[in-house]
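Chain by chain, the residues:
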Amino acid sequence: MRAVNYNPKLRLQLLLILLSISIIANIFGSYFTRFFIAEITILSIFAISLDFIASRGGMVSLGHAMFLGIGAYSTAILSINYGISPLSSTLSTFIIGAIIGLIIGYFIVFLDGIFFIMVTLALGEMFNAWVFTSDFLGGSDGISGIIRPDFSQIGIDMNNPLTFSFYVILWLLGIYFLLTKITDAPLGRNLDAIRQNSHRISAIGGYTKAYKAIAFSLSAGIASIAGSLYVQLNGFISPELTHWTVSGEGLIMIIVGGIGSISGAILGATVVHIIQHELSNIINWWMLVIGFGFIFIVLFMQDGLWGLLERIQKKLK
Amino acid sequence: MILIQFLNALQFSMTLFLLAVGLTIIFGLMKIVNLAHGSLYMIGAYIGLSIFNYTESFWLALIFSPIFTALIGAFLYTFLFRHIQNADPMKQVLLTFGLIYIGLDSVRLLWGTMSHSISTPSILSNPVLLIDEPYPAYRLFVITVGLLVLFSLYVILEKTKIGAKVRASVDDPETAQLLQINTDKILFYTFALGCGLAGLAGITVAPILGVEPGMDMEVLVLTLIVVVVGGPGSLKGALIGSLLIGFVDSFGKVYIPQLAQIIIYAVMALTLLFKPDGLYKR
Amino acid sequence: MQMKTIIIKLCFIFVCTFSSTSIVYSKDVIKIGTLLPYSGVYTVLGEEITNAMILAFDEVNNSINGHIIEVIKGDTEVKPNIALQKARKLISSDKVDILVGPVSSSVALAIRDVVVQSKTPLIIPNAGANVLTGKKCSKFITRISFSNYQINAPMGTWLAEHGIKTAFLLAPDYAAGKEMMAAFKTTFEEAGGKILGEEYTPFRKTKDFAPYLARVKNSGADAVYVFYAGGEAINFIKQAYSFGLGKVMKITGAGWTTSPLFIPAQKEAAIGFIGSLNYVPSINTEENKTFIKAYKSKFGRSPSEFAVQGYDSGKVIIEAISSLFGSIKDKDKLAEAIRTISITGPRGPLTIDPKTNNVIQNIYIFEVVNGEQGPELKVLDTIEAVKAPGEGCNL
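Please read these numbers as outputs of a predicted model, since none were measured by experiment.

Draft legend 1. Spotlight on the overall build of chain C. Summing up its helical and strand segments, chain C has 12 helices and 15 strands in all. Its C-alpha atoms give chain C a radius of gyration of 22 Å, near enough to 21 Å, the size a compact globule of 395 residues would have. The dimensions of chain C, computed from C-alpha atoms along their principal axes, are 80 × 55 × 45 Å. Within chain C, buried positions represent 62% of all 395 residues. A separation of at least 24 residues holds for 70% of the contacts in chain C among residues at least 6 apart in sequence. Accessible surface for chain C amounts to roughly 14700 Å². Of this, 54% is attributable to carbon and sulfur atoms.

Spelled out as C-alpha cells, the structure:
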C-alpha cells in the first residue's frame, strides 16, 4: 500500500461533520434511525481497528470478525454467567481481545501481506466453525438476554435507543482520540516507517515484529470493544457475526473510505452500511453491485473517499 | 474398512490438488493469490450443470466446463489483471476479493439459490467390489482424474519447451524476459489454465457433492491452507500439501471428529512457525 | 458558509430517509409483515411460505370484514442480526399488525424479545426449536408449524414397534440437529430400542459423508436415523445409495431429508427411506386435493410441506381476525384470538395447545416408494393429535 499522508485538519473536519449529522439524525429521527446510527457507529469502530493495522502496519486482515466475536461472546458470558456489569465487560473484552491478538499476532505479523490475508481468512473461518458447534457459546442459536449498562443512579436510561446511541458515539470518540494520540506519537511513526521500509528497518535492528504485534494486539482489542457494544445493542449474539462476510464488509469499508485517516474509516463504514441496507431493501443482488463498486474503487480510487476529499480540498484552496 | 477410508482420503486429496495446483501456479507466476479461485470452482460446477441439463451428457459437461472456465480466466486476465500487473500485489488481491462477491451473486441470479444435483454417468454408477466392500466407482474416477492431471502437468513442465519457459518465468522473471521468453503470453496461458483446473475440480466433484451457492468459500479456505503449507508456487508442494491436508481431514473426521478441524489449523500454524515459506520452496 | 448548508442538506436527506414511513395510519388496512429468507440458501422456503399464505388471502379476496390485507416483506437473509433490523423496521416503521416468520430457529430466538416487548403477535410458520414453545414461550408467539420434538418422537416409538432394535444417529451439528436426535432417542429407548452410536457432522460444511457412512455401516445397526435438509439432504441420500447403505440397514429419519423439494435431485436414491412429517402430498382429503390444485395452477409446481405451513398461517390469520370482526387494535385480544383458532387445513385438523402455543397436529409416517411419476411419499401410518411437551412454559 502506498503511503497515505493524512491531513490532521481535514481528518478532524470530517469527523465533526459526521458527528453533527449523526447527532441531529439521532435527536430528530425515529426509533429505527437511532438503532441504525448506533449500528453504524459500532461498525465504524470495527472499521477503525482494521484501518489501524492496514495503514500503520501494512496488514490487511480478512479474519477480524473473530475479534468482534470474542468481544461479543465474552460480554455475553461475563454479564450473564458472572453478573459483571456491561461497562466493565466492555473494558474487559478490550483486554481479552488484546491478549488473544498479541498471541495470534506473534505467529503471523511477520508474514508478507498476501500470506497475511490468507492466514487471517483461515483463522477467521476456524473461529466461526468453532463458535458454531460450541454448546458453551450457545451453538448455532447463540446467546440472548444481554443487558445494557445500568446508569439509572444518575438518571440515564440505557434502554432508550437515543441514550444508548450517544453512549456508543462516546466510545467512538474516545477511540478516535486515543488513536490520534498514538499515531501522532512514536508508535505510529515507527509503524509508518515499517510499512514503507521493512527491509531497511530490520537491517538497522528495529523491532519490526514487536511493533507490528503490538499494533495487531491493539487493533484486536478495539474490534473486541465493537463486538461488546454490538451485543449490548442487540441483546443477543449468534455465530453469524464471525462469518467471513463480516470481515469482508469491514475490508470494503476501509477501502471505500480510504486507508490511513481514521475519519476515512468512519466515512467508509457509514457509506457502505447505508448503501448495503438500502440496496438490500430494493434488490436481491446487492452483493453484485457492491462487488463492482469495490473493484471500481480499487482500480480507480485507491485512496477511497478520503482521497477524493483531499483532492477536493486541494482544489478549493 | 481402512481401504475404504484410504480411498476416501485420496479422493478428497485429489480434489484439493486440482484446486491447489491452479492457485499455486498462479501465485508462482503472478505473485498474487486469487481469492476468487473458489468462485471459479463454483462457476465450473454450475456451467457443467447447465451443459448436463441441456445435453444430458455428463461427459460433455466434464470436457466443456473447464474450457469455459478457462475462457473466463482468459477474459479476466486480459481485461483486468494485465492492466494492473505492475501495481502493488495487494491491489490485485483486493480485486480478486471483489470478484468473489460478483461471482456469488451472478451464480444466484443465473441459477437460483437452490441446491442442484448432477447424476453420475451410468457407467460409473455401480459400486465396485473391493475386498468384499462396495465402493462407488465414481470416486475412483475422481482419483484417476487427479492423477492424470498431475501426470500431465509433470510431463508438460519437465519435458516440454513450454514447460521450461514457464519454470524459467517462475524462477527468474527478469532473465526470462532478457532471453525473450514472452512472459506476458506465458502468464496469460497459465492463468487461464489455473482457472480451467478450478473449473475441472468443480464439475468433477459435482456428482458427489452437489452444486449450490456458497460452495466457493467452503473449499477456498482448505485450498489456501494447502497452498500455505505446501509452499506457494511449488507443484510438488501442492501435491504433498493436498495429500497431507486431505488425509488429516478425512481420517480425522472418522477417528477424532471433535478435533479434526483444529488439527488442520494446527498443521498450518506449525508450518508457519517452522517453515514459513511452506514445505517446498518454489 | 458553504459547509453549513451542505451539512444541513445532508441531515435533512438522512433523517427523511429513515423517519417513520407511515404518515397516515389507515384504519382500513390489515398489515401483515413477513420475516422470511428471500435471499440465501433458504430462499425457496421463504418463497413457498409467502406464496401459499398469499394464496390463502386470495381465497377470501384479500380482505377480512372489509379490511384489505397488505403484506410487507422483510428479508432475513437467514442472518439473526439482519432479521432483527428488519423486525424493528416492520414493527416501528411499518407498524404491522401481525408478523409471520421465521424459517430458522436462530433467527426466531434473536427476534423473540423485540416481538414480545412490542406486543406484536408472531405466527411461526417453520422454526422448530423446542424452546420457542418452552422456556421462551409467550402468549404473543404462536407456532403453527411444528416443534422439533413433535416430528421426531413418534418415529422412535414407531420404529421400535416395527422391528428396529438398534439404531445409529447422524445429524448436522447444530441446535436443531441435536434436538431432533434427542427426541428420537427418548422415545426409542423408552420403547426398548438401543442407540449404538451418534455422529454430528459440521453444519452446512459437510458435503462429503463418506467418512461417516463408513462408521454407520460398521456399527451393524438395524437402522440409521438422520436429519438433513437442503443440499446436505441431497448429498447424504445420494452418497448413502452409492455406498449401498440401504442394502445392509434401513435408512430412516426426519421427513425433510426426502422432502418433495429434494426428491427430484435424489431420484431413485431416496427409495426405501422411512420418515415422518406433518404433511405429505398424498394425504387423501378434500382440503389437501383442493389446495394442491390451487397452488399448482398459480405457481406451476406442487406445494411442499413449507408451503402448507404458510397456507395454514394465512388461514389462521383470517380465522382469528374474523372472530374479532376485523377489529384488531387491541393486541392482547388479537394474540388471544390467534391462539384459540381451530382449523382443518391440507395437513388435517389443527388446534393450538393452550399450555405452550404450539400446534397440535397429525404426524404422518411415510415410506418413499416408486410411483407413477417417480419416487413419492406413501403414508404408512398416521399418528393423530401429537403435542409438544413445552417444558418451562407457563402460559
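Having seen the model, we can carry on.
Draft legend 2. How the structure looks around the domain arrangement of chain C. All names here are of chain C. Assigned domains within chain C: domain 1 (28-146 + 284-352) and domain 2 (149-277 + 363-386). The centre of domain 1, based on its C-alpha atoms, is set 28 Å off from the matching centre of domain 2. Each partner contributes to the interface: domain 1 provides 15 residues, whereas domain 2 provides 12 residues. Along the contact surface separating domain 1 from domain 2 lie four residue pairs in polar contact (both at pLDDT 80 or more). Listed by contribution, the elements that provide at least two residues to the side of domain 1 that touches domain 2 are helix H2 (43-59) and helix H11 (305-323). Class assignment for the residues of the side of domain 1 that touches domain 2 results in nine nonpolar, four polar and two charged.

Draft legend 3. Structural context of the packing of H2 of chain C against H11 of chain C. All names here are of chain C. Closest axis-to-axis distance for the H2/H11 pair is 7 Å, and the angle between their directions is 40°. You can see that H2 and H11 cross each other, and the crossing is right-handed. From H2, Leu-45, Glu-48, Ile-49, Ala-52, Met-53, Leu-55, Ala-56, Phe-57 and Glu-59 reach across to H11, where they touch Phe-306, Ala-307, Gly-310, Tyr-311, Gly-314, Lys-315, Ile-317 and Ile-318. Considered class by class, the residues forming the contact of H2 with H11 number 12 nonpolar, two polar and three charged.

Draft legend 4. Region of interest: the packing of aromatic side chains. All names here are of chain B. Taken as a whole and assessed by the stated rule, the structure comprises 41 aromatic pairs over all chains. A centroid spacing of 5.5 Å and a plane angle of 70° characterise the contact between Phe-58 and Trp-59, whose relative ring orientation is edge-to-face. With 5.2 Å between their ring centres and 50° between their planes, Phe-81 and Phe-191 make a pair best called tilted. Of this pair, Phe-81 sits in helix H3 (residues 58-81) while Phe-191 is found in helix H8 (residues 183-209), placing the two residues 110 residues apart along the sequence. Each member of the pair, Phe-81 as well as Phe-191, carries the same accessibility label: buried. Ring pairs connect the aromatic residues Tyr-77, Phe-81, Phe-188, Tyr-189 and Phe-191, which therefore count as one cluster.

Draft legend 5. Representation of the side chain of Asp-312 of chain C. All names here are of chain C. Looking at the secondary structure, you find Asp-312 in helix H11. Judged by relative accessible area, which is 0%, Asp-312 ranks as buried. With residues near it in sequence (within four places) discarded, Asp-312 still touches Ile-144, Ile-343, Gly-345, Pro-346, Arg-347 and Leu-350.

Draft legend 6. Representation of the packing of helix H2 (residues 37-55) of chain B against helix H4 (residues 89-111) of chain B in the model. All names here are of chain B. In contact at an axis separation of 10 Å, H2 and H4 are set at 15° when each is read in the N-to-C sense. With respect to H4, the axis of H2 lies roughly parallel. Handedness of the H2/H4 crossing: left-handed. Across the interface between the two elements, Ser-39, Met-42, Ile-43, Tyr-46, Ile-47, Leu-49 and Ser-50 of H2 pack against Ile-100, Gly-103, Leu-104, Val-107 and Trp-111 of H4. Broken down by class, the residue content of the contact of H2 with H4 amounts to nine nonpolar, three polar and no charged.

Draft legend 7. Quick peek at the interface of chain A and chain C. Taken together, the contact pairs 39 residues of chain A with 38 residues of chain C. The largest contributions to the chain A side of the interface with chain C come from Ile-21, Phe-32 and Asp-141 of chain A, which together make up 18% of the buried area. Across the contact surface, chain A and chain C share zero salt bridges. Remark: the boundary between chain A and chain C carries five residue pairs in polar contact (both at pLDDT 80 or more). For the side of chain A that touches chain C, the secondary structure elements donating two or more residues are helix H1 (8-28), helix H2 (31-57), helix H5 (113-133), helix H9 (208-234) and helix H11 (262-282) of chain A. Grouping the constituent residues of the side of chain A that touches chain C by class yields 17 nonpolar, 16 polar and six charged.

Draft legend 8. Looking closely at the pairing of strand S3 (residues 67-75) of chain C. Residue and element names in this part refer to chain C. Summarising the sheet, strand S1 (residues 29-36) and S3 pair through eight bridges and their orientation is parallel. The residue of S3 that forms the bridge with Ile-32 is Val-71. Both strand S2 (residues 63-64) and S3 contribute to a ladder of two bridges, which runs antiparallel. In the sheet register, Ile-64 faces S3, and the bridge partner there is His-67.

Draft legend 9. Here's a closer look at the environment of Thr-133 of chain A. Tracing the backbone through its elements, the reader meets Thr-133 of chain A in helix H5. For the pair formed by Thr-133 of chain A and Ile-95 of chain A, sequence separation is 38 residues and the distance between their alpha carbons is 25 Å. The residues contacting Thr-133 of chain A, other than those within four sequence positions of it, are Asp-173 and Lys-178 of chain C.

Conventions and cut-offs
- Residues numbered from 1 in each chain as written.
- Chains lettered and ligands numbered in written order.
- Predicted model: local features only at pLDDT ≥ 70, side-chain atom pairs only at ≥ 80, totals over all residues.
- Heavy atoms only, no water.
- Helix = DSSP H or I, 4+ residues; strand = E, 2+ residues; numbered from the N terminus.
- Rg over C-alpha atoms; globule rule 2.2 N^0.38 Å.
- Buried < 20%, exposed > 50% of the residue type's maximum accessible area, 1.4 Å probe, protein only.
- Contact = heavy atoms within 4.5 Å.
- Areas by Shrake-Rupley, 256 points an atom, 1.4 Å probe, with all protein chains shown as cover.
- Domains from an automatic or database assignment.
- Polar contact = N/O pair within 3.5 Å; in protein donor to acceptor, adjacent residues only side chain to side chain.
- Nonpolar A, V, L, I, M, F, W, Y, C, P; charged D, E, K, R; others polar.
- Axes fitted to C-alpha atoms, helices over the stretch in contact; angles between N-to-C directions.
- Left-handed = near helix turned anticlockwise from the far one by under 90°.
- Phe/Tyr/Trp six-rings, centres within 6.5 Å; stacked < 30°, edge-to-face > 60°.
- Parallel < 35°, antiparallel > 145°, perpendicular 65-115°, else oblique.
- Buried area = accessible area lost by both parts, 1.4 Å probe.
- Salt bridge = Lys/Arg side-chain N within 4 Å of Asp/Glu carboxyl O.
- Pairing = 2+ DSSP bridges.

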